[in-house]
Amino acid sequence: MLCALALVPAVAGPARADNPIVQTVYTADPAPLVHNGRVYLYTGHDEDASTWFTMRDWRAYSSADMVNWTDHGSPMSLATFSWASKDAWAGQVTHRNGKFYWYVPVVNRATGRMAIGVGVSNSPTGPFTDALGRPLVENGEIDPSVFIDDDGQAYLYWGNPNLWYVRLNADMISYSGGPTQIPLTTAGFGARPGNVANRPTLYEEGPWVYKRNGLYYNVFAAQCCSEFIGYSTAPGPTGPWTYRGTVMPAQGSSFTNHAGIVDFNGNSYFFYHNGALPGGGGFTRSVAVERFTYRADGTIPTMSMTTAGPPQIAPVDPFVRQEAETIAWASGVETEPSSEGGMNVANIENRDHIKVKGVAFGSGATSFTARVASATSGGRIEVRLGSPTGTLAGTCTAPGTGGWQSWTTVSCGVSGATGTQDLYLVFTGGSGFLFNVNWWQFTSTSTGGGGNVLTNPGLEDGTTGWQPRGSGTLAAGTGVVRSGTRALTVTGRTGAWNGPGQDVTSRLTNGKAYTTEVWVRSTSGTPSAKATLALTANGTTSYVQLTPAATVNTGGWTLLSGTANVSWTGTLSQATFFVETMAGTDGFTIDDASFR
């Protein structure tokens, strides 16, 4: 990201595109991480109207479907590192030892040189703290990339104009030996056009190192300027490298580019940045993503930037609470930290809108509910389908509440929302900022048509509808919530099968497939949790595992998600939905549950 050139004119993205994937701020230098069924995306943040790489914090986003991205705000900034003075540039996050490590380059105030610091967190969404209180390594070069090999050895790569690595120790915040320079040969990294005696290869900056099918890949920003994305492969993590060609040619209105590649849900994804948003350019960039398929021999095909982006993996469930900051495309709005936790959509003006792609309404919805706040007189939310001017399904009034973080819940009737459609929330009202939105949710036309079987699934009504299964005590709390104002905590468990449960006997259909989603967070330890259905028919009790078991911890929320067929023989006398652990009696908290 250090290569400099005159600002390239902006190219505005079309209103119904999905690339770039964030529109509320300028983002750059993508670093994706797959964890617990989601892709977490860590980016840099170009300040508005920048004429240089003016970057003061980093941003985090996540997605389960690769088109709708949840904004997690800024979990780390220059202020995280007391020894840093400026330049919150390109980094990468990895997960190990139950923690998340974020390696970033910043200017060391004491030396005036670029140095690499390490942030650490118990949660993929932060907050991150300085793991060392000093640089991990410093030689004036940038763009760290971290990779953990199959044998457990971790490597940190970085460099511009050179390419370096160190072998990280198991603690991920120290290393063995000293920095080693990787030879930049034309065979390994391609030949730079022209007579460039001091820099003969294509390698410029931004290495992204990973392993696939026993082969090591180094994808990097090549040449300057403008940069394209090239790559090399090697039989080992330190080489010898062989240059393989172009992944993405120099395109778009940014003269830099920066790559990140992950596999997720059976597909491969290539992240990059361009200057495609209004006002975008070489210093006001935006992250985008493409889906791709490796060739049979393991080589990477050449890709072009698109505005379409990848296809959606799975539709959005409108009958569970959705964060307003989960967005496929935003027009006009921004986001900010919410007093109720997470982020909210803010700075809403007349005719601004957000798009949520691929919402599965099934047989229909009867009402729409949103959590709103306004320090002015408020406005209206138009619930539209297909486009910002599409079918009007309903209109909700968002009143003045006396403050931008003074929240209230509003509802309105809707009609015509059936099947799977793109949802547009169009905001209308007078001049100036109208109101903020924290979350939204629809009510289904019927439980049998795909609605949530659970009572009080968002836990906003405390313990209503929920009972402890076996031993334990349930308590609704406001201190740790995923969304809204309350979550449900179980304590005093004496068996792994104890947990929050709900009688759903009268609400089940025999032979139907049910999809379950519930967010879980431990209050102590790192138990493995799952959702289960206990069925008693003709005096015999059987159990259906509704979700795969997943490790939960105290530092963040974990989504339990799965689909299972529910059937029984004879007369059903009791059906209990509950959340349990595989072993142990650690307490845990649940929020935003869905069984439909």
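Residues numbered from 1 in each chain as written. Predicted model: local features only at pLDDT ≥ 70, side-chain atom pairs only at ≥ 80, totals over all residues. Heavy atoms only, no water.

Asks: Go over the overall build of the protein chain with me, naming the residues and quoting the values.
Replies: Along the protein chain, the regular secondary structure elements total one helix and 44 strands. In terms of C-alpha radius of gyration, the protein chain reaches 25 Å, essentially the compact-globule figure of 25 Å for 596 residues. With the C-alpha coordinates aligned to their principal axes, the bounding extent of the protein chain is approximately 80 × 55 × 50 Å. Considering the protein chain as a whole, with its 596 residues, one finds that 59% of them fall into the buried category. (Helix = DSSP H or I, 4+ residues; strand = E, 2+ residues; numbered from the N terminus. Rg over C-alpha atoms; globule rule 2.2 N^0.38 Å. Buried < 20%, exposed > 50% of the residue type's maximum accessible area, 1.4 Å probe, protein only.)

Asks: With reference to specific residues and values, describe the nonpolar core.
Replies: Soluble globular proteins: nonpolar side chains tend toward being buried together. Within the largest apolar cluster, 38 residues are counted, with the highest numbers of intra-cluster contacts made by V219, I261, F270 and I300. Setting aside residues up to four positions removed in sequence, I261 forms contacts with P32, W208, Y210, V219, Y269, F270, F292, Y294 and I300. If you look at the next biggest cluster of nonpolar residues, it comprises 34 residues, including A365, V372, V410 and F435. (Core = buried A, V, L, I, M, F, W, Y, C linked by side-chain atoms within 4.5 Å. Contact = heavy atoms within 4.5 Å.)

Asks: Talk me through unusual backbone geometry; I want residue IDs and the actual numbers.
Replies: Omega for the peptide link from C224 to C225 comes to -5°, which places this bond in the cis form. For C225, the location among the structural elements is in the loop between strand 16 (215-222) and strand 17 (228-234). The peptide bond linking C225 to S226 adopts the cis configuration, its omega dihedral lying at 20°. The residue S226 is located in the loop between strand 16 and strand 17 in this model. Even without a glycine there, the phi angle at N36 is positive, about 50°. Structurally, the position occupied by N36 is in the loop between strand 1 (26-35) and strand 2 (38-46).

Asks: Outline the packing of aromatic side chains, listing residues and values.
Replies: This structure, assessed with the given rule, holds 36 aromatic pairs. Here the aromatic rings of F255 and F283 are separated by 5.3 Å at their centres, their planes lie at 80°, and the arrangement is edge-to-face. Taken together, the residues span a long stretch of sequence, with F255 in the loop between strand 18 (242-248) and strand 19 (260-264) and F283 in the loop between strand 20 (267-274) and strand 21 (286-292) at a distance of 28 residues. Overall, the relative accessible area of 0% leaves F255 in the buried class. Connected via pairs of aromatic rings, a cluster forms that spans Y42, W58, F81, W83, W102 and F128. Between R482 and the ring centre of W519, over which it is positioned, the NZ or CZ distance is 3.8 Å. (Phe/Tyr/Trp six-rings, centres within 6.5 Å; stacked < 30°, edge-to-face > 60°. Lys NZ or Arg CZ within 6 Å of the ring centre and 35° of its normal.)

Asks: Requested: an account of the pattern of salt bridges, with residues and values cited.
Replies: Note that side chains of opposite charge can pair when their charged atoms are close. Within the structure shown, the criterion is met by 18 salt bridges. D18 is the partner of K355 in a salt bridge, and the nearest nitrogen-oxygen pair spans 3.2 Å. You can see K355 sitting in strand 27 (residues 353-360) and its partner D18 sitting in the segment before strand 1, a full 337 residues away along the chain. With relative accessibility at 6%, the residue D18 sits in the buried group. (Salt bridge = Lys/Arg side-chain N within 4 Å of Asp/Glu carboxyl O.)

Asks: Go over the sheet that holds strand 19, please, and point to the residues and values.
Replies: Strand order in the open sheet formed by three strands is 19-20-21, and the pairing between neighbours is antiparallel. Unpaired on one side and paired on the other, strand 19 and strand 21 mark the two borders of the sheet. When strand polarity is set aside, the average angle formed by the axes of neighbouring strands in this sheet is 30°. Two strands pair when backbone bridges link them, and strand 20 and strand 21 are joined in this way by seven bridges, in the antiparallel orientation. Opposite N274, over in strand 21, you have S286 as the bridge partner. (Pairing = 2+ DSSP bridges. Axes fitted to C-alpha atoms, helices over the stretch in contact; angles between N-to-C directions.)

Asks: So, the side chain of N108: which residues are in play, and what are the values?
Replies: Among the secondary structure elements, N108 is positioned in the loop between strand 7 (99-107) and strand 8 (114-121). Accessibility expressed as a relative area gives 7% for N108, which makes it buried. Look past the residues within four positions of N108 in its chain and what remains in contact with it is W83, R113, A115, P135 and E138.

Asks: Please set out the state of the cysteines residue by residue, giving values where relevant.
Replies: Tallied over the entire structure, the rule returns two disulfides. Across the disulfide, C224 is cross-linked to C225 (sulfur-sulfur distance 1.8 Å). In this structure C224 comes out as partly exposed when scored by relative accessible area, which is 29%. A residue is classified by how much of its surface remains accessible, and C225, at 27% relative accessible area, is partly exposed. (Disulfide = S-S within 2.5 Å.)

Asks: Let's hear about the pairing of strand 36 (residues 487-491): which residues, and what values?
Replies: Relative to strand 36, strand 35 (residues 473-477) runs antiparallel, the two being bridged by five bridges. Bridging from a neighbouring strand, G477 pairs with A487 of strand 36. Pairing between strand 36 and strand 44 (residues 588-595): three bridges, direction antiparallel. Bridge assignment links L488 to a residue of strand 44, and that residue is I590.

Asks: Describe the sheet that holds strand 11 (residues 145-148), with residues and values.
Replies: The pairing of strands in a sheet happens through backbone hydrogen bonds and is either parallel or antiparallel. Spatial ordering of the open sheet is given by 11-12-13-14, a layout of four strands whose pairing is antiparallel. The two strands at the open ends of the sheet, each matched to only one other strand, are strand 11 and strand 14 (175-181). Averaged over neighbouring strand pairs, the angle between their axes works out to 20° when direction is ignored. As paired strands, strand 13 (residues 164-168) and strand 14 are joined by four bridges and run antiparallel to one another. Within strand 14, the residue paired with R167 across the bridge is S176.

Asks: Can you break down the environment of V289 residue by residue, with the values?
Replies: Within the element layout of this structure, V289 appears in strand 21. Sequence spacing of V289 and A259 is 30 residues, and the spatial spacing of their C-alpha atoms is 9.7 Å. Those residues in contact with V289, other than ones at most four positions away along the chain, are N19, I21, M66, Y269, F270, F271, Y272, G309 and P310.

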